[in-house]
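Here's the letter readout for the chains.
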Amino acid sequence: MANNEAPCAAPEKWTEITLLPEWEEEFYLVYTAKKHGKWVMLKTLKPEYADKPEFKELIEKEFDVRYNLAHPHIVMINDFEDVPGLGRCIITDDVYGDSLDKLIKENKVTPEIIEKLRHNLIDAIDYIQTNHIVHHPIRPERIIFTENIGNLKLIDVGFDQLNHMKPADVSEDIYNYGCVLSAALDAVEAPDPSLRKVARKCCDPDPKKRYHDVQDLHLALEGRKSSHLLLLLIAFLAIMALVLGWLTFNKIS
């Protein structure tokens, strides 16, 4: 018997493409969409820049820089391809949620969010600096807490890579981190006095009075100081020297 059933149509690759006006960047538009049924996000040049060679080069370079980044608190890039009706797009993981800026304005900052700024955000900044990534300033609107789960994701990260970071760039990151932390603390009940102190030092107008680097800042956030670690290291080496001396003496004896 002949099979008269029509063949099933292949599922559409791109569906539910929706513009996110609140995510708009200077040169880019951002969309949420489904690719083969899986939610992703799309970043593409605005129409007025899409055909200009210098902006095509800009988005290609951003893709090249960010493609190899791998950190749990930085939005990950998956691909760079043509999307019907949009043109060439950077495809990223779905990190739809609320920005820290929105949470601050709506008085929805919680102690859990403060803790994620204390640990997750500083880890992401450390990773960026370690890899010498040139990036936009760290600001509340570039920090996303994902829908439902509330994971911290730093977006709009990286458009160039250098051989090393300049001290001024490191200091600027520390300053901006202090501004972010201070703004979040202003929006939460009973802010931690020790974090207030850290934020104030980060935001000192004199760069020489800020934390020297992200490692020093990280220690301060953990309530430790590099001098304490140095004393522990000296104590450890002293103990090892005594043990080695004792073993040598017993061997001779």
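Since this is a predicted model, take the numbers as computed values, not measurements. (Residues numbered from 1 in each chain as written. Predicted model: local features only at pLDDT ≥ 70, side-chain atom pairs only at ≥ 80, totals over all residues. Heavy atoms only, no water.)

Caption draft 1: The arrangement of a negative patch on the surface in detail. A cluster of acidic residues, Glu54, Glu57, Glu60 and Asp64, forms a negative patch at the surface. Relative to the assigned elements, aspartate 64 resides in helix α1 (residues 53-67). Under the relative-accessibility criterion, aspartate 64 is labelled exposed at 52%. (Patch = residues over 30% accessible without salt bridge, like charges linked within 9 Å, V, L, I, M, F, W, Y side chains within 5 Å. Areas by Shrake-Rupley, 256 points an atom, 1.4 Å probe, with all protein chains shown as cover. Salt bridge = Lys/Arg side-chain N within 4 Å of Asp/Glu carboxyl O. Lys, Arg positive; Asp, Glu negative; His and termini not counted. Charge placed at Lys NZ, Arg CZ, Asp CG, Glu CD. Helix = DSSP H or I, 4+ residues; strand = E, 2+ residues; numbered from the N terminus. Buried < 20%, exposed > 50% of the residue type's maximum accessible area, 1.4 Å probe, protein only.)

Caption draft 2: Focus on the pairing of strand β4 (residues 77-83). Direction of pairing for β4 relative to strand β5 (residues 87-93): antiparallel, over a ladder of six bridges. Within the sheet, the bridge partner assigned to aspartate 82 lies in β5 and is arginine 88. The hairpin turn running from β4 into β5, its antiparallel successor, is three residues long, and glycine 85 in that turn takes a positive phi close to 85°. (Pairing = 2+ DSSP bridges.)

Caption draft 3: Examining the pairing of strand β8 (residues 143-146) more closely. Going residue by residue along β8, you find Ile143 and Phe145 tucked away on one face and Ile144 and Thr146 tucked away on the opposite face as well. Inspection of the sheet shows strand β6 (residues 97-99) paired to β8 by three bridges, in the antiparallel sense. The residue bridging serine 99 from the neighbouring strand is isoleucine 144, located in β8. With three bridges joining them, β8 and strand β9 (residues 152-154) adopt antiparallel strand pairing. Its bridge partner being in β9, isoleucine 143 is matched across the sheet by leucine 154.

Caption draft 4: Fine view of the pattern of salt bridges. Scanning the model with the defined rule gives 18 salt bridges in all. Between aspartate 79 and lysine 35 there is a salt bridge, and its shortest N-O distance comes to 3.9 Å. You can see aspartate 79 sitting in strand β4 and its partner lysine 35 sitting in strand β2 (residues 28-35), a full 44 residues away along the chain. The residue arginine 66 makes a salt bridge to glutamate 62 at a minimum N-O spacing of 2.9 Å. In this pair, arginine 66 and glutamate 62 both sit in helix α1, four residues apart, roughly one turn of the helix. According to the relative accessible area criterion, arginine 66 is buried, its value standing at 4%. Where salt bridges share partners, they join Glu25, Lys43, Glu62, Arg66, Arg142 and Asp156 into one cluster.

Caption draft 5: Representation of the environment of valine 75. Assignment of secondary structure puts valine 75 in the loop between α1 and β4. Expressed as a C-alpha distance, the spacing of valine 75 and isoleucine 155, which sit 80 residues apart in the sequence, is 5.6 Å. Those residues within four positions of valine 75 in sequence are excluded, and the remaining contacts are Arg66, Thr92, Asp93, Val95, Lys153, Leu154 and Ile155. (Contact = heavy atoms within 4.5 Å.)

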